[in-house]
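Examining the three-dimensional arrangement
Residue strings, one per chain:
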Amino acid sequence: MATQTPMWRDVSAKKKDMFARHGVAMLNLKQVAQEFGCKDERTAKKELEALAVPGISVGRRVLYEVDVLAKALVARRGMN
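These numbers were taken from a predicted model, which means no experiment stands behind them.

This paragraph deals with the packing of helix 1 (residues 7-22) against helix 4 (residues 66-76). Where helix 1 meets helix 4, the closest approach of the two axes is 9 Å, and the angle between their N-to-C directions is 125°. Comparing their axes, helix 4 and helix 1 come out oblique. Here helix 1 runs over helix 4; the crossing is right-handed. When helix 1 is examined against helix 4, the residues Met7, Asp10, Val11, Lys14, Lys15 and Met18 are found in contact with a partner set consisting of Val66, Asp67, Leu69, Ala70, Lys71, Leu73, Val74 and Ala75. A breakdown of the residues in the contact of helix 1 with helix 4 according to their chemical character gives nine nonpolar, no polar and five charged.

See below:
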């Protein structure tokens, strides 16, 4: 019988993966769409709202923290 890994370990692995792929700690909407597997930014925005992931205003842009996004992605996949 396989044991399930703790959620924090899955979140940590996802954070490292996203940081290695994008090289930044905050992602724009286009990068978030890639992580969600969406074909456009509008769909990614709807997913973010459904998961209650807040955006942070940096100047005129809205960016999303990798930490919060990784936790939401892991929870969305049912890995918790």
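Taken residue by residue, the chain gives an average pLDDT of 88. The fraction at 70 or more is 92%. For the chain, the element scoring lowest by mean pLDDT is helix 4, at 90; strand 3 (residues 61-65) scores highest, at 95.

With that settled, the discussion passes to the nonpolar core. One finds Met18, Val32, Phe36, Ala44, Leu48 and Leu69 to be the most contacted residues of the largest nonpolar core, which totals 18 residues. The greatest single-element share of this core, amounting to six residues, is contributed by helix 4. The contact partners of leucine 69, leaving out residues within four places of it in the chain, are Met18, Leu27, Val32, Phe36 and Leu48.

Attention now goes to the sheet that holds strand 3. A sheet is described by the order of its strands in space; here three strands give the open sequence 1-3-2, paired in antiparallel fashion. Edge positions in the open sheet fall to strand 1 (26-27) and strand 2 (56-58), since each of these has one partner strand only. As paired elements, strand 2 and strand 3 share three bridges and run antiparallel to each other. Note on strand 3: the bridge partner recorded for isoleucine 56 is leucine 63. Sheet strands in contact with helix 4 are strand 1 and strand 3, and its direction is about 60° off that of strand 3.

Our next topic: the environment of phenylalanine 36. Inspection of the secondary structure assignment puts phenylalanine 36 in helix 2 (residues 29-36). Residues phenylalanine 36 and aspartate 67, 31 residues apart in the sequence, show an inter-C-alpha distance of 15 Å. Aside from chain neighbours lying at most four places away, what touches phenylalanine 36 is Ala44, Glu47, Leu48, Leu51, Leu69, Leu73 and Arg76.

Let us look at the pattern of salt bridges. Applying the stated criterion to the full structure yields five salt bridges. Here arginine 21 and aspartate 17 are joined by a salt bridge, their closest N and O atoms 2.8 Å apart. You can see arginine 21 and its partner aspartate 17 sitting in helix 1, four residues apart, about one turn around the helix. Close ionic contact of arginine 21 with glutamate 35 constitutes a salt bridge, the shortest N to O distance being 2.8 Å.

Definitions and cut-offs
Residues numbered from 1 in each chain as written. Predicted model: local features only at pLDDT ≥ 70, side-chain atom pairs only at ≥ 80, totals over all residues. Heavy atoms only, no water. Axes fitted to C-alpha atoms, helices over the stretch in contact; angles between N-to-C directions. Helix = DSSP H or I, 4+ residues; strand = E, 2+ residues; numbered from the N terminus. Parallel < 35°, antiparallel > 145°, perpendicular 65-115°, else oblique. Left-handed = near helix turned anticlockwise from the far one by under 90°. Contact = heavy atoms within 4.5 Å. Nonpolar A, V, L, I, M, F, W, Y, C, P; charged D, E, K, R; others polar. pLDDT = per-residue confidence, 0-100. Core = buried A, V, L, I, M, F, W, Y, C linked by side-chain atoms within 4.5 Å. Buried < 20%, exposed > 50% of the residue type's maximum accessible area, 1.4 Å probe, protein only. Pairing = 2+ DSSP bridges. Salt bridge = Lys/Arg side-chain N within 4 Å of Asp/Glu carboxyl O.

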